[in-house]
Amino acid sequence: MKIKAFNITVEISYTLIAALCISVIISDSIVTAAAIVSAAIHEAAHIAVMRSFSDDGITVKAGLFNILINDSLRETGGYNRDIAVLLAGPAVNALLCAISFCVYKLTAVGDFYDISMVNASLGIFNLLPIETTDGGQILAILLRNRFGHTAADRVGFALSLIFILPIAAAGIYILLSSRYNYTMLAAVIYLIAATVSAYM
């Protein structure tokens, strides 16, 4: 599905749309809705910072295992600019986390606590130094600036594995202990699939 507005072209794969619909149908929890909305705001923050540097066209391709946002200045507008774009998503999640937590403290409404934790998780998750996350891409920019593309890609892939393996072990442990909490394991499967697809 393709949408174009304000010089921004968004392509969303039907597999992603199907996955989101299934998630909403299976879970009537506010956590699912908060995760979808917070992820959308996260990506919108990237686009907003991109747009602050240039009015050129922006393309967004959202698939099941990754979201690629590109504009004419990507990798040519300077690494400080690219890092600012990448940090925008986690930064807005941190802001939403703080606001939601303050509202929770003032109102004692549990939903705001859930929203706060969803945004904290999204922010931390995206700062992990794993290939396809914002943190991984920031690390890649810094490494490429110092050592070149080949060495940076090798180090980035190695670090991705180093971080994914203990998270996978923790996910399996949590699933076996609780017999129902598969959230972390699902996140690990996503990270593995996204990392592998990045090298295909």
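Computed from a predicted model, the values in this text were never measured in an experiment. (Residues numbered from 1 in each chain as written. Predicted model: local features only at pLDDT ≥ 70, side-chain atom pairs only at ≥ 80, totals over all residues. Heavy atoms only, no water.)

A few words now on the packing of helix α3 (residues 79-107) against helix α4 (residues 110-127). With their axes 8 Å apart at the nearest point, α3 and α4 run at an angle of 160° to one another. Here α3 lies roughly antiparallel to α4, going by the angle between them. For the crossing formed where α3 meets α4, the hand is left-handed. Of α4, the residues touching α3 (which contributes L87, P90, N93, L96, C97, S100, F101, V103, Y104 and T107) are G110, F112, Y113, I115, S116, N119, A120, L122, G123, N126 and L127. (Axes fitted to C-alpha atoms, helices over the stretch in contact; angles between N-to-C directions. Helix = DSSP H or I, 4+ residues; strand = E, 2+ residues; numbered from the N terminus. Parallel < 35°, antiparallel > 145°, perpendicular 65-115°, else oblique. Left-handed = near helix turned anticlockwise from the far one by under 90°. Contact = heavy atoms within 4.5 Å.)

We now examine the pattern of salt bridges. Within the structure shown, the criterion is met by three salt bridges. The shortest N-O distance in the salt bridge between K2 and E11 comes to 3.8 Å. By relative accessible area, K2 is classed as exposed at 59%. What makes E11 partly exposed here is its relative accessible area of 30%. Across the pair R144 and D153 runs a salt bridge, and its minimum N-O distance is 2.9 Å. The partly exposed category is assigned to R144, whose relative accessible area is 23%. Residue classification places D153 among the partly exposed positions, given a relative accessible area of 27%. (Salt bridge = Lys/Arg side-chain N within 4 Å of Asp/Glu carboxyl O. Buried < 20%, exposed > 50% of the residue type's maximum accessible area, 1.4 Å probe, protein only.)

Right, let's talk about the environment of A151 for a bit. Note that A151 resides in helix α6 (residues 149-178). On the basis of relative accessibility, which here comes to 33%, the residue A151 falls in the partly exposed class. Taking C-alpha positions, A151 is 9.8 Å from A140, a pair spaced 11 residues apart along the chain.

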